[in-house]
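Summary of structural features
This is what each chain is made of:
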Amino acid sequence: MGRFRYPQPPAWEITPRPVFEGRRRLLQVAAALGVTLALPRRAPAAVGEGPLAGVPRGPYATDEALTAREFVTGYNNFYEFGTGKDDPARHAHTLRPRPWRVRIDGAVRDPLEIDVDSLLRPAGLEERVYRLRCVEGWSMVVPWIGLPLARVLRRVEPLGSARFVEFTTLHDPEQMPGQARDVLPWPYVEALRLDEAMHPLTLLAVGVYGDLLPNQNGAPLRLVVPWKYGFKSIKSIVRIRFTETRPRTTWNQVAPREYGFYANVNPHVDHPRWSQARERRLGEGLFAARRPTLMFNGYAEQVAGLYAGMDLRREY
């Protein structure tokens, strides 16, 4: 398996470098435009002038204030480009997100390959303003643009024997120089139970803030599962595979006591090295109080039924 490096605990993350360096520019832009970072619940797509600006807002959007774009695109975990929070923004220019094809196969009747640009039809896209909670104890509110994963998965007609859906990131050290180091077993793999994958909240994201996904955010296609810790939302997907048995996922394989397969946000189940009861919302200021972590990241009404009868302390 090789050596690996754990994510750093929350105390390690005090002032993100890209945030510190970009704060003055952000304030100048906001002042010049006379806008705030919070948008009405029923507004069109978030601030931006990219090719996906104007995409209608879909269901389930939170009305919490958006996290500033500088944080969303400058403070990332993407070990394929380095283990520092600002490494992806500095190094991900080597990724070539076009052309890009995604293979969908496994326990299905009609396997296929999809060109990512075929998913960019504006009529099929929507904006979902979701909370994002990292296992490390920080959080964001992000205006993703994408389409429900279930809409894509139904196209391949999953077999009745399919129970899980496995996702795989591109493996190409030339494009992803962090893969030249054995910090994790490559390629990165994540998976969901089939009912989780088909849930209406589960999103295939192709954009953010009215623009195409930046490389550091998982271009050109990433998963967004808002009730789970962020490491479940795999980036730069090249394969989606239906399986009958539970796949071995990267962080669960590397450190199973610390990173459970389900990875549902749960304030009552601590990480072995820090509490999960509270979180730090990026952009609220260095001295802002941490906020309480919500069960299922605030989406319990929509998803708690998926886990009825399960021991969520054991199946974490």
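Above this note sits the structure.
These numbers were taken from a predicted model, which means no experiment stands behind them.

1. Points about empty space enclosed by the protein
Scanning the entire structure with this criterion turns up two cavities of 30 Å³ or more. Counted as a void, the largest cavity has a volume near 400 Å³. Looking at the lining of the largest cavity element by element, the count peaks at three residues for strand S4 (residues 138-148). The residue makeup of the lining of the largest cavity, split by class, is 17 nonpolar, six polar and four charged. Approximately 30 Å³ is the volume attributed to the second largest cavity. Along the walls of the second largest cavity sit Val-102, Ile-104, Ile-114, Leu-119, Val-152, Leu-204, Leu-221 and Ile-240, which together make up its complete lining.

2. Focus on the pairing of strand S1 (residues 101-106)
Of the strand pairs in this sheet, S1 and strand S2 (residues 112-115) are connected by four bridges, and their pairing is antiparallel. When the bridges of S2 are listed, Arg-103 appears paired with Glu-113. The antiparallel pairing of S1 with S2 creates a hairpin that spans five residues between the two strands. With four bridges connecting them, S1 and strand S10 (residues 237-243) associate as parallel partners. Bridge pairing in S10 links Arg-103 to Arg-239.

3. A few points about the sheet that holds S10
Here five strands make up an open sheet; going across it, the order is S2-S1-S10-S5-S6 and the pairing mixed. Each end of this open sheet is capped by a strand with a single partner; those strands are S2 and strand S6 (189-193). For this sheet, the mean angle separating the axes of adjacent strands, direction not counted, is 20°.

4. Observations regarding the nonpolar core
Counting residues in hydrophobic clusters, the biggest one holds 89 residues, and the most contacted among them are Ile-104, Trp-144, Phe-167, Trp-227 and Phe-242. It is S4 that contributes the most residues to this core, seven residues altogether. Phe-242 has contacts with Ile-104, Asp-105, Gly-106, Ala-107, Val-108, Leu-153, Val-156, Pro-158, Ala-162, Phe-164, Val-165 and Leu-194, leaving out every residue within four places of it along the chain.

5. Things to note about the packing of aromatic side chains
With the rule as written, the count across this model stands at ten aromatic pairs. Look at Phe-261 and Tyr-262: their rings are 5.3 Å apart centre to centre, the planes differ by 90°, and that puts the pair in the edge-to-face class. Between Phe-296 and Tyr-307, the ring centres sit 5.5 Å apart and the planes meet at 15°, which makes this aromatic pair stacked. One end of the pair, Phe-296, is in the loop between strand S12 (291-292) and helix H7 (300-303); the other, Tyr-307, is in the segment after H7, and eleven residues separate them in sequence. Here Tyr-307 falls in the buried class, since its relative accessible area comes to 3%. A connected cluster of aromatic rings, assembled from ring pairs, spans Phe-164, Phe-261, Tyr-262, Phe-296 and Tyr-307. The ring of Tyr-299 has Arg-131 sitting right over it, with the charged end atom 4.6 Å from the ring centre.

Thresholds, definitions, all that
Residues numbered from 1 in each chain as written. Predicted model: local features only at pLDDT ≥ 70, side-chain atom pairs only at ≥ 80, totals over all residues. Heavy atoms only, no water. 1 Å grid on protein atoms, 1.4 Å probe; cavity = no way out; pocket = protein on both sides within 12 Å on 5 of 7 lines; lining within 4 Å. Points joined across faces, edges and corners; volume = space filled by probe spheres on them. Helix = DSSP H or I, 4+ residues; strand = E, 2+ residues; numbered from the N terminus. Nonpolar A, V, L, I, M, F, W, Y, C, P; charged D, E, K, R; others polar. Pairing = 2+ DSSP bridges. Axes fitted to C-alpha atoms, helices over the stretch in contact; angles between N-to-C directions. Core = buried A, V, L, I, M, F, W, Y, C linked by side-chain atoms within 4.5 Å. Buried < 20%, exposed > 50% of the residue type's maximum accessible area, 1.4 Å probe, protein only. Contact = heavy atoms within 4.5 Å. Phe/Tyr/Trp six-rings, centres within 6.5 Å; stacked < 30°, edge-to-face > 60°. Lys NZ or Arg CZ within 6 Å of the ring centre and 35° of its normal.

Taken by themselves, the reported measurements are silent on function.
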